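# An overview of the molecular structure
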Amino acid sequence: MNLVSIKNKKKPLIMKKFVLLVVFLQTVALFGQNESPAVFKNAFFLDPLGFFGSGIQLGYERNIGEYNGLKLEAGYYTKDDPWVYDAESMNGFNVQLFYKRYFDATAIKKMRFYFGAMAIYKQIDLKGAYDYDVVSEDEYRYTEKRDMNANAYGGGILFGTNVMFENHFYMDYSLGGSILATESDPDDVEQLHLGIINPYKSGITPRFNIAIGYAF
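Remember, it's a predicted structure, so these values are computed and weren't measured experimentally. (Residues numbered from 1 in each chain as written. Predicted model: local features only at pLDDT ≥ 70, side-chain atom pairs only at ≥ 80, totals over all residues. Heavy atoms only, no water.)

## Some details on the overall build of the protein
Counted only if it meets this: Numbered from the N terminus, helices here are DSSP runs of H or I no shorter than four residues, and strands are runs of E no shorter than two. Any two residues whose heavy atoms approach within 4.5 Å at even a single point are treated as in contact. We get accessible surface area from the Shrake-Rupley algorithm with a probe of 1.4 Å; when it comes to residues, only the shown protein chains can shield them.
Helix and strand counts for the protein stand at two helices and nine strands. The order of helices and strands in the protein, counted from the N terminus, is β-α-β-β-β-β-β-β-β-α-β. Of all intrachain contacts in the protein linking residues separated by at least 6 positions in sequence, the fraction that spans at least 24 positions is 65%. Accessible surface for the protein amounts to roughly 11,700 Å². Of this, 62% is attributable to carbon and sulfur atoms.

This is how it looks when you write it as structure tokens:
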């Protein structure tokens, strides 16, 4: 019995919303900077991009000394009839660990640039995912759905900036790339892979992160 998968339609609207959000957040950062830099050791934050994928991304950041920082981030995604996939329901999660090395000491500048490294693991499960044309031995053709799942893990490098505000709020942007690997079924990976938005294929992929948080 042969299975012929029907590729899901990519959603160009995702990228439009993504670009608009980045422009908006950058504008807020430029006009909201204060004259006195904030000093902090701890921070809680969220990544607003998670909301576009029917999920939530939260994390904790800790400054170690004047030039080093660690950031732990986790996200959970769930939705019935998800609009980014042709499926009955979606559940997924990810865990990310970042090491940051700042170019400036903590109390010198309100806008601090850094480079660093990251590690990531993520998984997604779809119920009743996609229509498949099934051809039986007597050449009878019919359509059915099946469950899918995929995971990916890897690491990468990034460069970013941290913008502090007088009221203890801050924004963090980072851009880089990561190398991913997967041991999932190739058919599942092919269907669940959404390019730079939600990659699951093995290989090198770009990464972009945004964090809005409160420092103390």
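What follows picks up the thread again.
## Some details on the pattern of salt bridges
Let me state the cut-off plainly: Just to be clear on terms, a salt bridge is a Lys or Arg side-chain nitrogen sitting within 4 Å of an Asp or Glu carboxyl oxygen. Using a 1.4 Å probe on the protein chains alone, a residue whose accessible area is under 20% of its type maximum counts as buried, one over 50% counts as exposed, and one in between counts as partly exposed.
Applying the stated rule across the entire model yields five salt bridges. We note a salt bridge from Asp172 to Lys100, for which the minimum N-O separation is 2.8 Å. Within this pair, whereas Asp172 is found in strand 8 (residues 169-181), its partner Lys100 is found in strand 5 (residues 89-102), the two being separated by 72 residues in sequence. Classification of Asp172 as buried rests on a relative accessible area of 1%.

## Here we look at the pairing of strand 3 (residues 55-64)
Each regular strand carries side chains that alternate between the two faces of the sheet. In plain terms, the rule: Strands pair, by our definition, only if DSSP identifies at least two bridges between them.
The alternating pattern of strand 3 places Gly55, Gln57, Gly59, Glu61 and Asn63 on a buried face and Ile56, Leu58, Tyr60, Arg62 and Ile64 on a face that is not buried. Sheet topology note: the strand 2 (residues 42-47)/strand 3 ladder contains six bridges and is antiparallel. The residue bridging Ala43 from the neighbouring strand is Glu61, located in strand 3. Sheet analysis places strand 3 next to strand 4 (residues 68-80), joined by ten bridges and oriented antiparallel. By the bridge assignment, Ile56 is partnered in strand 4 with Tyr76. Hairpin remark: strand 3 followed by strand 4, antiparallel, with three residues in the connecting loop; positive phi at Gly65, about 75°.

## What to know about unusual backbone geometry
Unusually for a residue other than glycine, Ser54 sits at a positive phi of about 65°. Within the chain, His168 stands out as a residue other than glycine whose phi angle is a positive 80°.

## As for the nonpolar core
Which entries qualify depends on this criterion: Only buried Ala, Val, Leu, Ile, Met, Phe, Trp, Tyr and Cys residues count toward a nonpolar core, and they belong to the same one when joined by side-chain atoms within 4.5 Å.
Tyr85, Ile124, Leu126 and Leu192 are the most contacted members of the largest nonpolar core, which totals 16 residues. Among the elements of the structure, strand 6 (111-135), strand 7 (141-164) and helix 2 (186-192) are those that each provide at least two residues to this core. Excluding its chain neighbours within four sequence positions, the residues that come into contact with Leu126 are Tyr85, Ala87, Ser89, Met90, Asp147, Met148 and Leu192.

## Quick notes on the confidence of the model for the protein
Note the cut-off: Scored from 0 to 100, pLDDT reflects the predictor's confidence in each residue.
When pLDDT is averaged across the protein, the result is 81; 74% of the residues are at 70 or more. Of all secondary-structure elements in the protein, the lowest mean pLDDT belongs to strand 1 (residues 2-5), at 36, while strand 5 reaches the highest, 96. Note on residues 1-11: pLDDT is under 50 here. Beyond four places in sequence and across chains, it has 28 contacts. The low-confidence segment residues 28-38 (pLDDT under 50) makes 23 contacts with residues lying over four places distant or belonging to another chain.

## Here we look at the side chain of Asn198
Where we set the bar: Pairs of N or O atoms within 3.5 Å make up the polar contacts considered here, provided that, within protein, one atom can donate a hydrogen while the other can accept it, and that residues adjacent in sequence are counted only when both atoms are side-chain atoms.
With respect to the secondary-structure elements, Asn198 resides in the loop between helix 2 and strand 9 (203-215). Among the polar contacts made by the side chain of Asn198, one reaches the side chain of Tyr85 at a distance of 3.0 Å. Look past the residues within four positions of Asn198 in its chain and what remains in contact with it is Tyr85, Lys122, Ile124, Leu192 and His193.

## A closer look at a nonpolar patch on the surface
The following threshold applies: Candidates for patches are residues over 30% relative accessible area with no salt bridge; among them, like charges are joined within 9 Å and nonpolar side chains (Val, Leu, Ile, Met, Phe, Trp, Tyr) within 5 Å.
On the surface, Phe51, Ile56, Leu58, Leu72, Tyr76, Phe93, Val95 and Leu97 cluster together to form a nonpolar patch covering roughly 740 Å² of accessible area. For the nonpolar patch, the elements supplying multiple residues, two or more each, are strand 3, strand 4 and strand 5. Top contributing element to the nonpolar patch by residue count: strand 5, with three residues. Tracing the backbone shows Leu72 in strand 4.

## What about the side chain of Gln57?
Locating Gln57 in the fold gives a position in strand 3. Overall, the relative accessible area of 4% leaves Gln57 in the buried class. Other than its neighbours up to four places away in sequence, Gln57 contacts Phe45, Leu46, Asp47, Gly50, Glu73, Ala74, Gly75, Tyr77, Asn94 and Gln96.

## Regarding the environment of Asn209
Note that Asn209 resides in strand 9. With a relative accessible area of 4%, Asn209 lands in the buried category. Remark: the alpha-carbon pair of Asn209 and Pro48, spanning 161 residues in sequence, is separated by 9.4 Å. Contact partners of Asn209, with chain neighbours within four places excluded, come to Asp47, Glu73, Gln96, Phe98, Asp172, Tyr173 and Ser174.

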